[in-house]
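For reference, the chains in residue letters:
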Amino acid sequence: MTPLLDRNRPYAVALFRIVTGLLFASHGAASLFGVLGGAHGGGTVPAGAWPGWYAAVIQLVGGVLVLVGLGTRSAAFVASGSMAYAYFSAHQPDALWPLQNGGELSALFCWAFLLLVFTGPGALAVDGLFASRTSAGRSRGERSPEAVAA
């Protein structure tokens, strides 16, 4: 059973990345455009309002980047940081535990994106297309940018 699970790990990570990115982008779209129920039960976040509007932009852009697997580690790092900020600034002052302060979603997104920083995008990512082109060029004898600079 373990070899089967190990062989499919990149696809499981990809599915995790896609679902997490989609859910995160949905929050941003709801806040910015009022779709899917809107921000906080209806409406939108006023443009430029700190921190809600900026958080919504990070959610939408970061979520889409993670969803498609483009700049996954960087986008996930920024998204994780934004959720850590959301947790500690909006939720944690109310109570210690996420269950008590309503910060479960912020905490889960924070840790999910931090996991993607370390695991990478998995399979089926745009990042993988660039990696395969780079490795294909090296297999043809082309030198990496690091080797050219040295």
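Our subject in this report is the structure included herewith. (Residues numbered from 1 in each chain as written. Predicted model: local features only at pLDDT ≥ 70, side-chain atom pairs only at ≥ 80, totals over all residues. Heavy atoms only, no water.)

Focus: the overall build of the protein chain
From N to C terminus, the protein chain includes eight helices and zero strands. Element order for the protein chain, N to C, with α for helix and β for strand: α-α-α-α-α-α-α-α. A buried classification covers 32% of the 150 residues belonging to the protein chain. Counting only contacts in the protein chain whose residues sit at least 6 apart along the sequence, the fraction spanning at least 24 positions is 66%. For the protein chain, the computed accessible surface area is about 9300 Å², with 70% contributed by carbon and sulfur atoms. (Helix = DSSP H or I, 4+ residues; strand = E, 2+ residues; numbered from the N terminus. Buried < 20%, exposed > 50% of the residue type's maximum accessible area, 1.4 Å probe, protein only. Contact = heavy atoms within 4.5 Å. Areas by Shrake-Rupley, 256 points an atom, 1.4 Å probe, with all protein chains shown as cover.)

Quick word on the pattern of salt bridges
Applying the stated criterion across every chain, the model contains one salt bridge. In this structure, Asp6 engages Arg9 in a salt bridge whose closest nitrogen and oxygen atoms are separated by 2.9 Å. (Salt bridge = Lys/Arg side-chain N within 4 Å of Asp/Glu carboxyl O.)

Overview of the nonpolar core
With 13 residues, the main nonpolar core has Phe24, Val66, Ala76, Met83, Phe109, Phe113 and Leu116 as its most contacted residues. The set of elements that each furnish at least two residues to this core consists of helix H2 (9–33), helix H4 (72–91) and helix H6 (104–119). Setting aside residues no more than four positions away along its own chain, Ala76 makes contact with Val66, Phe113, Leu116 and Val117. (Core = buried A, V, L, I, M, F, W, Y, C linked by side-chain atoms within 4.5 Å.)

Some thoughts on H6
For H6, with 16 residues, the first-to-last C-alpha span of 22 Å sits near the 22 Å given by 1.5 Å per residue. Regarding H6, the residues found buried are Ser106, Ala107, Phe109, Cys110, Ala112, Phe113, Leu116 and Val117. Packing partners of the buried residues in H6 comprise H2, helix H3 (52–68), H4 and helix H5 (98–101). Looking at the residues trailing H6, positive phi occurs at Gly120, about 80 degrees. (Expected span 1.5 Å × (residues − 1).)

With respect to the packing of aromatic side chains
The geometry of two aromatic rings is summed up by the distance between their centres and the angle between their planes. For the coordinates displayed, the defined rule picks out seven aromatic pairs. Here Tyr87 and Phe88 contribute two aromatic rings whose centre-to-centre distance is 5.2 Å and whose plane-to-plane angle is 85 degrees, an arrangement assigned as edge-to-face. The class for Phe88 is exposed, based on a relative accessible area of 54%. Aromatic rings pair up to connect Trp50, Trp53, Tyr54 and Tyr85 into one cluster. (Phe/Tyr/Trp six-rings, centres within 6.5 Å; stacked < 30°, edge-to-face > 60°.)

Overview of the packing of H3 against H4
For any two helices packed against each other, one specifies the crossing angle of their axes together with the interaxial distance. Two elements in contact, H3 and H4, have axes separated by 9 Å at closest approach and are oriented at 145 degrees. Regarding H3 and H4, the two cross each other, and that crossing is left-handed. Taking contact as the criterion, the partners of Ile58, Gln59, Gly62, Leu65 and Val66 in H3 are, on H4, Thr72, Ala75, Ala76, Val78, Ala79, Ser82 and Met83. The residue inventory of the contact of H3 with H4, partitioned by class, reads eight nonpolar, four polar and no charged. (Axes fitted to C-alpha atoms, helices over the stretch in contact; angles between N-to-C directions. Left-handed = near helix turned anticlockwise from the far one by under 90°. Nonpolar A, V, L, I, M, F, W, Y, C, P; charged D, E, K, R; others polar.)

Overview of the side chain of Ser106
Turning to its location among the elements, Ser106 is positioned in helix H6. Residue class for Ser106 comes out buried when judged on its relative accessible area of 9%. Ignoring sequence-local partners within four residues, the contact set of Ser106 consists of Met83, Ala86, Tyr87 and His91.

What is shown is where atoms sit, not what they do.
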